[in-house]
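# Observations on the model geometry
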Amino acid sequence: MNEQVEASTRMAREIVAELVRQGVRRFVLCPGSRSAPLAYALADAEAAGVVELHVETDERVAGFVALGSGLAGQVAAVVTTSGSAVANLHPAVEEARYAGVPLIVLAADRPHERRGVRASQTADHRGVLEGSVRFVAEIAADAPALRGQVVRAARAATRQAGPVLINVAFREPLMPGGPWESVAEDCGRAGAGDLGEGGVGEGLGAGRRTVVVAGPSSRSNPLYARELPDLGGVPILAEPTSELRGHPNAVAAHPLLLRTGLGERIERVVVLGHPTLTRDVSVLLSAGEVYAVDEAVGYTDVAGIAEVVELADVPGLVAGSPDLWLAEWQEASHCAEVAIEEALAEAGMSTPAIARSLTESPVPTHLAASTIIREVNLYGRAPAGPLYANRGLAGIDGTMSTAIGTALATGQPTRVVVGDLAFIHDATSLVATARQAGPRLDVVVIDDHGGSLFSTLEYGAGPEEAYDRVFRTEKRLDVEAFARAVGAQYVRVREMAELREALAGQFGVRIVHIDAGRVPMAAERAARQGLAERVLAALGS
């Protein structure tokens, strides 16, 4: 092996070994020429049983697969070649940034002197991602020492809860002269780093009618699991992906409860995590006495009025609420549950009924950040099985890829629930890589012929023709034919009984297609409002 090959091979092996020593065991690789030294190093490491390697061809898909792994508590590195490849990671990197999910981008680059002279497949990777990542490690070609930068990047991903970029320049030739014989010895034993502790503040007093508003949190991730303080006798308004959704104090249908007299009597709000789903909660957080708990990724203060506190301050904030305060919320919650059960029993196949059925299953489930997660928030049961969603930026892109990453990280059968547009947006993620073990994944497609979410917003009160043209954006796709094309099992569902039977079925890669029909905008909006009003009427009585 000549000196040049030795340099690129040495750098690649040192980077992989150091990441493994820092606790990174999962790598998601996209093929490319400039990244060949890393690809060969990872192939050798996989053969030695040191890493778990997953290969994709689409960098956007790969980014979300790595995100899903991090979401499940297993930090992953996504490996790309130079050029436009890194730009395709941007959606997943942005989601990781705002959701507080660790993600390592390991990008192969051209030598630095090739920048700015129009050299083939040479782009400014740092310029593409620097505004979105927590840390950048820029490693030059032939760098004699690189361990420190890799260590800093890996620790930044975990301790600062977000994405990092390791950009490493490789000089030709890129082909190693032989296998990595000492891979197990070089990688040593992997171990997660010390994530550190948050600050501790003084108690801030109590005695007021207080609620806890809880969204998805970095604490929901096993990497950051910390014991929550005693939340005393306060109601918890928890979104589906919050770790507090199953808490004894969590109340059902909390957006509807906020529209009753109970909502008007709230005097203090403590915010945990990143709640984003409803305008009812946004209004609550825009006035009055609001305290936002700072965590690894930051704090949520939608109106810029919150006082920022630490997790240790929470017991003092929730202590001493009036004796019957929680009981009032729990009684209202019970009434809401009864009204929802009665209404949905009469409604037949509807998105709220589908949402409730999904939360009757213990299977880990990803929810698209659109209609379905809002319906689970309103009408789902609590507790349910583990629920995930990309709520950092709340986009629909990469939903199925993220679920694939979670399924691979946990080794468990996993379900992902998407609308037809989210399904089409990420459909290529279901094209399997040959000779590679795939996930056990159930894809539930709620096919309502376009973006029905917009009918619930102000646009749903506008002209129907404009709504159909620029918001519904109905697509034409034969889902059954697509399932055959990618080798997935296909199940069509028309009734709730069929859905419940399908949800109890076996996992391979399966598409459960719910054709909900094309409901006119006005009828869709009226049905949703009618259900909410029926529940509110029951609460009023």
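Model, not experiment: these values are computed from the prediction.

## Details of the overall build of the protein chain
Along the backbone of the protein chain there are 20 helices and 17 strands. For 541 residues, the compact-globule estimate of 2.2 N^0.38 gives 24 Å, and the protein chain sits close to it at 25 Å. In the protein chain, buried positions account for 53% of the 541 residues. Looking at the protein chain alone, contacts between residues at least 24 apart form 76% of all its contacts between residues at least 6 apart.

## A closer look at the UniProt feature "domain: Thiamine pyrophosphate enzyme TPP-binding" (unreviewed entry) in the protein chain
Within this structure's numbering, the places UniProt gives as "domain: Thiamine pyrophosphate enzyme TPP-binding" (unreviewed entry) are residues 387-504. Taken end to end, residues 387-504 has its terminal C-alpha atoms 17 Å apart, with 36% of it in helix and 17% in strand.

## A look at the domain arrangement of the protein chain
Parsing the protein chain into structural domains produces domain 1 (7-185), domain 2 (210-329) and domain 3 (348-540). Taking only C-alpha atoms into account, the centre of domain 1 sits 32 Å from that of domain 3. Opposite the 21 residues of domain 1 that make contact, domain 3 presents 25 residues. In total, domain 1 and domain 3 occlude about 1700 Å² of area from one another, counting both sides; carbon and sulfur atoms represent 57% of this.

## Let's talk about the nonpolar core
Counting residues in each nonpolar core, the largest one holds 99 residues, and the members touching the most others are Trp329, Phe423, Val443 and Ile511. Here this core gets 8 residues from one element, more than from any other, and that element is helix H12 (residues 325-347). Not counting residues within four places of it along the chain, the set of residues in contact with tryptophan 329 comprises Val211, Pro235, Leu237, Val251, Leu257, Leu258, Leu262, Gly263 and Ile266. Within the second largest apolar cluster, 42 residues are counted, among which are Ala17, Leu38, Ile104 and Trp180.

## Focus: the pairing of strand S9 (residues 268-272)
Burial analysis of S9 places 5 of its 5 residues in the buried class, which makes it a mostly covered element. Side chains Arg268, Val270 and Leu272 project from S9 onto one buried face, and the interleaved Val269 and Val271 project onto a second face that is buried too. Examined bridge by bridge, S9 and strand S10 (residues 289-293) share 4 bridges and lie parallel to one another. From the neighbouring strand, valine 269 faces S10, where its bridge partner is valine 290. Traced from S9 through helix H10 (residues 279-284) to S10, the parallel crossover comes out right-handed.

About the criteria used
Residues numbered from 1 in each chain as written. Predicted model: local features only at pLDDT ≥ 70, side-chain atom pairs only at ≥ 80, totals over all residues. Heavy atoms only, no water. Helix = DSSP H or I, 4+ residues; strand = E, 2+ residues; numbered from the N terminus. Rg over C-alpha atoms; globule rule 2.2 N^0.38 Å. Buried < 20%, exposed > 50% of the residue type's maximum accessible area, 1.4 Å probe, protein only. Contact = heavy atoms within 4.5 Å. UniProt positions renumbered as here; feature names shortened; annotations may be inferred. Domains from an automatic or database assignment. Buried area = accessible area lost by both parts, 1.4 Å probe. Core = buried A, V, L, I, M, F, W, Y, C linked by side-chain atoms within 4.5 Å. Pairing = 2+ DSSP bridges. Right-handed = clockwise from strand over helix to strand, strands pointing away.

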